[in-house]
Amino acid sequence: MGCKRCAKRASTSSISGRGWRPRTVGLASDTARRLSPPLVLAPFWCSRPGSTYAGRRAHTYDVRGPALRSRASCGGEAHRKRNSLRRGAYVEGRDYESRAQPSCTGLYGSEGILPARRTLRPQGKGRWQQLWETPTLLWEAPRLGLDTAQGLELLTLLGTVLALGALLLHSLRHPLIYLLLWAAYLSVCQVGQVFLYFQWDSLLLETGFLAVLVAPLRPPPNQKQAPQGGLTEALPHEDLPFWLVRWLLFRLMFASGVVKLTSRCPAWWGLTALTYHYETQCLPTPAAWLAHHLPVWLHKLSVVATFLIEIAVPLLFFAPIRRLRLTAFYAQALLQVLIIITGNYNFFNLLTLVLTTTLLDDHHLSAEPGLRHHKKMPTSWSKALLAKLSLLFELAVYGLLAYGTMYYFGLEVDWKQHAIHSKTTFTFYQFSQWLKMVTLPTVWLGAASLAWELLIALWRWIHVQGWLQKFFAGVQLSILGTATVALFLISLVPYSYVEPGTHGRLWIGAHRLFGTVEHLQLANSYGLFRRMTGLGGRPEVVLEGSYDGHHWTEIEFMYKPGNVSRPPPVLVPHQPRLDWQMWFAALGPHTHSPWFTNLVLRLLQGKEPVIRLVQNHISRYPFHKQPPTYIRAQRYKYWFSQPGERSQWWRRQFVEEFFPPVSLGDPTLQTLLRQFGLQDKSPARARSPSSALAQTLNWVRMQLSPLEPPILLWGLLGAVVAVRVVQTLLAPWSFQPLPLARKEKHHPTPKKDSGVASKQDAPAPKSNSSDSQSPRWKK
């Protein structure tokens, strides 16, 4: 799952290259830096293994006094949504940054598998031109006396500190911090080469940039000092970034469902994909073994549910009825949680769950009792009629989804066998025609939804009081509105890759705009699990070492399947990049994975940073005392064991030799290194090994190296949770106005209320007293 390398071949072979341009990485083999937008995940490439719309928005503006303000608007929902997105993005960024620092040397060091300095070679261009064409802060590493690998370590360390600090301190939740985190991650991706060719890397970059727009320029005041009942007022433009996040979620899910059928994969069309998926995915969990042995009819029904959730349900993201959006949220959350339970896909599904929070409203994101329980207010006959029509429309949508699912997948209940049988009742041609008919209207749906958001923002700006406030609100609305429209246009190009006809009919200006900023990865194409791999058993590469060339010892990795008696691990949110690429390598010959030759070389040389990628505890590495004289690789096929087999999780069968036996100085090894351009003869960049910064980075690396990445990640997360719990316990009670509101509720004073209302209508300064706050808390 997730490699960008095969995305172009798998998804856009019939599309002109107008929307993308490959970039090289500096290897002699001219391997593309990014061969395509990440539309599909390479392991599955080929045949191998709120209330109403108004109530959802919690914004209050002074128009003509409190009597004309929306009952449901309280100014807090945007703040709560923003906090959810910000914390989620910080957590995901911290997950990568904290685990990348110890592995940088093994992957990208001068003696690593793919030295990062190969990718950054000055070509005599100006400083800013060089930075624009290859946007990475690592160009500045030599100015600090560091080489590229040490610069990577510094970036990951600073990213970890910033992310952890922002999780704990409100003052650090600022757009500038998000911009720094995004720039740091983009810098790493520019030199990450094959180990960062995953869709979730692109998704995190795109989400991180949107987080810059979501974060407020100034932190909200404390609740006790905030106006409008303790909650802050929202600015007119605040819903626009949230809409972009929702559009990103739609593109992610809709394309993921569509590509499964456009791939013509027989497993997806036969609804049998999940009978292979749990066993053949890169790093399964122990729960995947249990899921694999579920009845076949349940697997097929799960595939039907997957198509429903990924293709039909995303259209409800833009529904005007609150319950439809909540239904879409729970459907997406269920899918992501099940994937987390049965597979180790690092932070990807967690990040997707963060994106789904844009479908919620204040009643779900708030812990305030006053917002969790609201009474039914008397309404006029027109509002009652509208509510009934909304309910009828909602029921019609549910009925249409149910009927469509039963009709197109031929659902039949077998009472004798206690099963539900299913099959696809449409052809590839019919689906292609449907996709041509639907893709362009979804673009217009997004454009209409964005236009509505812009009109609402403009209406709110018109009713902002005070010329100075109105001026600054107008400036922010102009900037955010322009940025939102531009990002929407940019995203249409990668989104349209799912249907070539729509891609060719897009406005040429959108293509040009996308081509200008494509290297910044502001918008990407997605598509998960395009094709099932390992239909005849999951291929697995097993490395073996020997001192004499006759007696071979297996080199077992920490996480990928090897020993048939070892249970699958649980690694979320960690991603062992080398273990994932070993899974990719097993799908074809070793010549399709040039980095594998360099891995063999480093193991023959006994390089400790690379050995720690295989076994974090050096004592568990079978050749920790002396490097092996010979190394070879064998290809096996693995299957989950049957329920009756004890003390075994896997069964395996030898297939063929994957990599021939080689030793240092072997002509075969030297030929492969020259062929792939891995014999780097260029001198290392000048640096000061005795500098304080280099010594500090080396000390941090030595302290973190003995720790296994999952333990490190969960340790950091536990520390953050503990600090947050202490902060909550020590914080003052934040709902002090509530008792006064309840007291006033039991002792109404209508005359006094009318007087207060008349005073509030006047342009007097706002009061923070409990008397003026209590009526709004009741709302």
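Residues numbered from 1 in each chain as written. Predicted model: local features only at pLDDT ≥ 70, side-chain atom pairs only at ≥ 80, totals over all residues. Heavy atoms only, no water.

Some thoughts on the overall build of the protein chain
On a plain count of helices and strands, the protein chain comes out with 31 helices and six strands. Taken across its 779 residues, the protein chain has 55% of its residues classed as buried. Carbon together with sulfur atoms contributes 64% to the accessible area of the protein chain, which is approximately 34,400 Å² in total. (Helix = DSSP H or I, 4+ residues; strand = E, 2+ residues; numbered from the N terminus. Buried < 20%, exposed > 50% of the residue type's maximum accessible area, 1.4 Å probe, protein only. Areas by Shrake-Rupley, 256 points an atom, 1.4 Å probe, with all protein chains shown as cover.)

A short note on the side chain of His299
On the secondary structure map, His299 appears in helix α13 (residues 296–312). Within polar-contact distance, the side chain of His299 engages the backbone oxygen of Ala291 at 3.2 Å. Once residues lying within four places of it in the same chain are set aside, the contact partners of His299 are Leu271, Leu274, Thr275, Tyr278, Ala291, His292 and Leu294. (Polar contact = N/O pair within 3.5 Å; in protein donor to acceptor, adjacent residues only side chain to side chain. Contact = heavy atoms within 4.5 Å.)

With respect to the nonpolar core
Counting residues in hydrophobic clusters, the biggest one holds 158 residues, and the most contacted among them are Ile113, Leu543, Trp595, Phe596 and Leu599. A per-element tally of this core places helix α9 (residues 239–262) first, with 15 residues. Not counting chain neighbours up to four residues away, the residues in contact with Leu543 comprise Thr553, Glu554, Ile555, Phe557, Phe596, Leu599, Val600, Leu603, Ile631, Arg632 and Ala633. Ala141, Leu146, Leu154 and Leu697 belong to the second-largest nonpolar core, a separate cluster that totals five residues. (Core = buried A, V, L, I, M, F, W, Y, C linked by side-chain atoms within 4.5 Å.)

Here's the deal with the pattern of salt bridges
Considering all chains together, one arrives at 21 salt bridges under this definition. Its salt-bridge partner being Asp239, residue Arg460 comes within 3.2 Å of it at the nearest N-O pair. In this pair, Arg460 sits in helix α19 (residues 428–462) while Asp239 sits in helix α9, placing the two residues 221 residues apart along the sequence. Neither residue differs from the other here; Arg460 and Asp239 are each classed as buried. In this structure, Arg652 and Glu554 form a salt bridge, with 2.6 Å as the shortest nitrogen-oxygen distance. Of this pair, Arg652 sits in strand β6 (residues 650–662) while Glu554 sits in strand β4 (residues 553–555), and the two are 98 residues apart along the sequence. Arg652 gets classed as partly exposed once you look at its relative accessible area, which sits at 31%. Classification of Glu554 by relative accessible area gives partly exposed; the value is 31%. The structure contains a network of salt bridges with shared partners spanning Arg127, Glu140 and Arg143. (Salt bridge = Lys/Arg side-chain N within 4 Å of Asp/Glu carboxyl O.)

So, the packing of helix α23 (residues 577–585) against helix α24 (residues 595–605)
One way to put it is that α23 packs onto α24 with a least axis distance of 11 Å and a crossing angle of 125 degrees. Taken together, the axes of α23 and α24 are oblique relative to one another. Handedness of the crossing formed by α23 with α24: left-handed. Contacts between α23 and α24 involve Leu578, Gln581, Met582 and Ala585 on the former and, on the latter, Trp595, Phe596 and Leu599. (Axes fitted to C-alpha atoms, helices over the stretch in contact; angles between N-to-C directions. Parallel < 35°, antiparallel > 145°, perpendicular 65-115°, else oblique. Left-handed = near helix turned anticlockwise from the far one by under 90°.)

A short note on helix α7 (residues 199–214)
With 16 residues, α7 should reach 22 Å at 1.5 Å per residue; the first-to-last C-alpha distance of 22 Å fits that figure. Burial within α7 is extensive, with 16 of its 16 residues counted as buried. (Expected span 1.5 Å × (residues − 1).)

Some thoughts on the sheet that holds β6
Overall, antiparallel pairing links the four strands, which are arranged β4-β3-β5-β6 in an open sheet. The sheet is open, and its two edges are formed by β4 and β6, each paired on a single side. The sheet shows a mean angle of 35 degrees between the axes of neighbouring strands, direction not considered. Relative to strand β5 (residues 630–640), strand β3 (residues 538–546) runs antiparallel, the two sharing nine bridges. Paired with Ser546 across the two strands is Tyr630, which belongs to β5. (Pairing = 2+ DSSP bridges.)

Focus: the packing of aromatic side chains
Inspection of every chain in the model, using the stated rule, returns 44 aromatic pairs. Plain terms: the ring middles of Trp243 and Trp247 are 5.9 Å apart, the flat faces sit at 5 degrees to each other, and that makes the pair stacked. Of the two residues, Trp243 and Trp247 are both situated in helix α9; the distance of four residues between them amounts to about one turn of the helix. Note on Trp243: relative accessible area 0%, which makes it buried. Taken together, a centroid distance of 5.5 Å and an interplanar angle of 70 degrees make the contact between Phe471 and Phe472 edge-to-face. Look at Phe472 and you get partly exposed, because its relative accessible area is 45%. One aromatic cluster in this structure is built from Trp268, Trp269, Phe307, Tyr403, Tyr407, Tyr408, Phe409, Phe426, Phe428, Phe431 and Trp434. The cationic tip of Lys260 hangs over the ring face of Trp268; the distance from NZ or CZ to the ring centre is 5.3 Å. In this structure, Arg264 packs its charged tip against the face of Phe428, placed 3.8 Å from the ring centre. (Phe/Tyr/Trp six-rings, centres within 6.5 Å; stacked < 30°, edge-to-face > 60°. Lys NZ or Arg CZ within 6 Å of the ring centre and 35° of its normal.)

Concerning the confidence of the model for the protein chain
For the protein chain, the average pLDDT comes to 80, and 75% of its residues sit at 70 or higher. Per-element mean pLDDT across the protein chain ranges from 32 in helix α2 (residues 53–56) up to 97 in β5. Confidence drops under a pLDDT of 50 for residues 4–77, and excluding neighbours within four residues, the segment shows 259 contacts in the predicted structure. Every residue in residues 734–779 scores below 50 in pLDDT, and together they form 46 contacts with partners more than four places removed in sequence or on other chains. (pLDDT = per-residue confidence, 0-100.)

Observations regarding a nonpolar patch on the surface
A cluster of nonpolar side chains, Trp381, Leu385, Leu389, Leu391, Leu392 and Leu395, forms an exposed patch at the surface whose accessible area comes to about 660 Å². Here Leu389 lies in helix α18 (residues 381–408). For Leu389, a relative accessible area of 47% translates into the label partly exposed. (Patch = residues over 30% accessible without salt bridge, like charges linked within 9 Å, V, L, I, M, F, W, Y side chains within 5 Å.)

Some remarks on helix α15 (residues 348–356)
Within α15, seven of the nine residues are buried, leaving the element largely enclosed by the surrounding structure. Burial in α15 covers these residues: Phe348, Asn349, Leu351, Thr352, Val354, Leu355 and Thr356.

Considerations on the environment of Val655
For Val655, the position within the fold is in strand β6. Take Val655: its relative accessible area is 38%, and that puts it in the partly exposed class.

Some points on the pairing of β5
Successive side chains on a regular strand alternate, one facing one side of the sheet and the next facing the other. Burial of β5 is extensive: nine of the 11 residues sit out of reach of the surface. Bridging between β5 and β6 involves nine bridges; their strand directions are antiparallel. Within β6, the position partnered with Ala633 by the bridge is Phe659.

Considerations on unusual backbone geometry
Following Val572, the chain continues to Pro573 via a peptide bond in cis, the omega torsion being 10 degrees. For Pro573, the location among the structural elements is in the loop between β4 and α23. A positive phi is found at Gln193, a non-glycine position, where the angle reads about 55 degrees. Following the sequence through the fold, Gln193 ends up in the loop between α6 (175–191) and α7. A residue is classified by how much of its surface remains accessible, and Gln193, at 2% relative accessible area, is buried.

Quick word on the side chain of Gln634
Locating Gln634 in the fold gives a position in strand β5. With residues near it in sequence (within four places) discarded, Gln634 still touches Glu540, Val541, Val542, Glu544, Phe654, Glu656, Glu657 and Phe658.

Observations regarding the environment of Glu554
With 80 residues separating them in the primary sequence, Glu554 and Gln634 have C-alpha atoms 9.8 Å apart. In this structure Glu554 touches Val542, Leu543, Glu544, Pro622, Tyr636 and Arg652, once residues within four positions along its chain are discounted. One polar contact links Glu554 to Arg652, side chain to side chain, over a distance of 2.6 Å.

Focus: the packing of helix α14 (residues 322–342) against α18
Taken N-terminus to C-terminus, the directions of α14 and α18 make an angle of 30 degrees; their axes are 9 Å apart at the nearest point. As judged from the angle between their axes, α14 and α18 are roughly parallel. Contact residues: Arg323, Leu324 and Thr327 in α14; Leu391, Phe393, Glu394, Val397 and Tyr398 in α18.

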